[in-house]
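Structural characterization, general
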Amino acid sequence: MKYDVAVYLGTLPKIKNRSLKIDILNDFAQGAKSAGASTVVTTDRTIQSARLAVIIGWYGQKISGPHIGFRKQLIDHQLGVGNHIMPIDGNCFKWADPNDVWLRYSLDSVFYDLGNYANHNPDKQRWREISKSLNIHCENWKQSCDHILLCLQRDNGWQGKGFDQQAWVQETIQKLRLHTDRPIRLRCHPGSISDTSAFAHQPGVSVSDCKQVSIMEDLRNAHAGVFYNSSSSVACALAGVPVFVCERSAVTWNIANRDFSKIENPDQPDRQQWLWSLAEAHWSRKHSQRGDIWRAFEPLL
């Protein structure tokens, strides 16, 4: 039998929030079934015949466990036979939504420039919902302030695509120093503290205590934020701090600067359409339970 939807609990690791992730996957299955889709939820690692396979997460350069290996096998299978994969990913508003009330859903890739997020004709409604529920707003662009915040990301995370983070940080500092003598503040990912000892003693470079200091505090009085492709660049953009990114899968790519020669006078583009599109890529668990997400994506299968 070929199902419309197969939901794979076997792609989950055995971690402390596993029960929450199971609930998220079951919510989607419940909503799809209520909307008329033939649905199966499987706990083992056997591939089912289905138009759409639903998982949480993706895979990186290292296959660090059997659940990751199965994710890769499942993704390769679905795309290889002309079916689809739906990776559910964390939201882009983590500083305001650490418990993932909102999540991102896409087709066939977890990367923002490659996946289909069913967000090509957005309006302001979803952003209004997110703004109200999380009490976040899009601030006016700031004019020239103080330091440059250089944000690192998870070591070995799939988002980094295997890039050499230490080399990237050193190269980025050198490039910035060609155009500015502003203080540079390094901020690690709070869930993956990188080794910054090679940079901490360089002139004008400091390291934020990311376990004690929030990203919004680090952005206060920041002149610009520099990122590889981290979704934390969204916090920067909404705080009104000009964004620089280095890789096109960054969710802020369309409103970001990419040329460090502009660091003293960065572009400050209009963010409305970008923000509406980004918000439209996010859904709440209520949307999932009602079948709203299935209905939005089913015509794309």
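Preceding block: the structure.
Only a predicted model underlies this, so the values are computations on that prediction, with no experimental measurement involved. (Residues numbered from 1 in each chain as written. Predicted model: local features only at pLDDT ≥ 70, side-chain atom pairs only at ≥ 80, totals over all residues. Heavy atoms only, no water.)

A closer look at the overall build of the chain
- From N to C terminus, the chain includes nine helices and eleven strands.
- Against the 2.2 N^0.38 benchmark of 19 Å for 301 residues, the chain shows a C-alpha radius of gyration of 20 Å, consistent with a compact globule.
- Here the C-alpha coordinates of the chain stretch approximately 65 × 40 × 35 Å along the principal axes.
- Within the chain, buried positions represent 52% of all 301 residues.
- Restricting to contacts in the chain with at least 6 residues of sequence separation, those with at least 24 account for 66%. (Helix = DSSP H or I, 4+ residues; strand = E, 2+ residues; numbered from the N terminus. Rg over C-alpha atoms; globule rule 2.2 N^0.38 Å. Buried < 20%, exposed > 50% of the residue type's maximum accessible area, 1.4 Å probe, protein only. Contact = heavy atoms within 4.5 Å.)

Considerations on the environment of Lys62
- Here Lys62 shows up in the loop between β3 (50-56) and α2 (66-80).
- Once the C-alpha coordinates of Lys62 and Val41 are considered, the two residues, 21 residues apart in sequence, prove to be 27 Å apart.

Comments concerning the layout of surface pockets
- The calculated volume of the second largest pocket comes to roughly 270 Å³.
- If you go around the second largest pocket, you meet 14 residues; those closest to its centre are Tyr112, Val251, Asn254, Trp274 and Ser277.
- Tallied by class, residues from the lining of the second largest pocket come to six nonpolar, six polar and two charged. (1 Å grid on protein atoms, 1.4 Å probe; cavity = no way out; pocket = protein on both sides within 12 Å on 5 of 7 lines; lining within 4 Å. Points joined across faces, edges and corners; volume = space filled by probe spheres on them. Nonpolar A, V, L, I, M, F, W, Y, C, P; charged D, E, K, R; others polar.)

Quick notes on the packing of aromatic side chains
- On inspection of all chains with the given rule, the structure shows ten aromatic pairs.
- Aromatic pair Phe93 and Trp95: ring centres 6.1 Å apart, planes at 65°, arrangement edge-to-face.
- Ring geometry for Phe93 against Trp127: centres 6.2 Å apart, planes inclined by 40°, an arrangement best described as tilted. Of this pair, Phe93 sits in the loop between β4 (84-89) and β5 (102-105) while Trp127 sits in helix α3 (residues 125-134), placing them 34 residues apart in sequence. (Phe/Tyr/Trp six-rings, centres within 6.5 Å; stacked < 30°, edge-to-face > 60°.)

Brief notes about the pairing of β3
- A large share of β3 lies buried, amounting to six of its seven residues.
- Pairing of strand β1 (residues 3-8) with β3, which is carried by four bridges, proceeds in the parallel orientation. When the bridges of β3 are listed, Val7 appears paired with Val54.
- Looking at chain direction, β3 and β4 are connected through five bridges and run parallel. Counterpart to Val54 in the pairing with β4 is Met86. (Pairing = 2+ DSSP bridges.)

A look at the packing of α3 against helix α7 (residues 272-280)
- Packing of α3 against α7 leaves a shortest axis separation of 8 Å and a crossing angle of 75°. The orientation of α3 with respect to α7, classified from their angle, is roughly perpendicular. Touching Arg126, Trp127 and Ile130 of α3 are Leu275, Trp276, Ala279 and Glu280, all from α7. (Axes fitted to C-alpha atoms, helices over the stretch in contact; angles between N-to-C directions. Parallel < 35°, antiparallel > 145°, perpendicular 65-115°, else oblique.)

Things to note about helix α1 (residues 18-34)
- Compared with an ideal rise of 1.5 Å per residue, which puts 17 residues at 24 Å, α1 spans 24 Å between its outermost C-alpha atoms and is within 8% of the ideal.
- Residues of α1 that are buried: Lys21, Ile24, Leu25, Asp27, Phe28, Ala29, Gly31 and Ala32.
- Note on α1: the residue one or two positions beyond its end, Gly36, has a positive phi of about 100°. (Expected span 1.5 Å × (residues − 1).)

Regarding the environment of Tyr112
- Relative to the helices and strands, Tyr112 resides in the loop between β5 and α3.
- For the pair Tyr112 and Gln125, spaced 13 residues apart in sequence, the C-alpha separation works out to 21 Å.
- Polar contacts involving the side chain of Tyr112 include one to the side chain of Asn119, which spans 3.4 Å. (Polar contact = N/O pair within 3.5 Å; in protein donor to acceptor, adjacent residues only side chain to side chain.)

Describing the sheet that holds strand β6 (residues 147-151)
- Read across the sheet, five strands follow the order β8-β7-β6-β9-β10 without closing on themselves; strand pairing throughout is parallel. Two strands bound the open sheet, and with one partner strand each, they are β8 (205-207) and β10 (243-245). The average undirected angle you get between the axes of adjacent strands in this sheet is 25°.
- Sheet strands touched by helix α4 (residues 165-177): β6, β7 (184-187), β8 and β9 (222-227). Its angle to β6, the strand with the most contacts, is close to 160°.

Digging into unusual backbone geometry
- If you check the backbone angles, Asp108 has positive phi at about 75° while not being a glycine.
- You can see Asp108 is positioned in the loop between β5 and α3.
- Look at Asp108 and you get partly exposed, because its relative accessible area is 24%.
- With a phi angle near 65°, Asn221 is a residue other than glycine that sits in the positive phi range.
- Relative to the elements of secondary structure, Asn221 occurs in the loop between α5 (215-219) and β9.

Just geometry here; none of it tells us what the structure is for.
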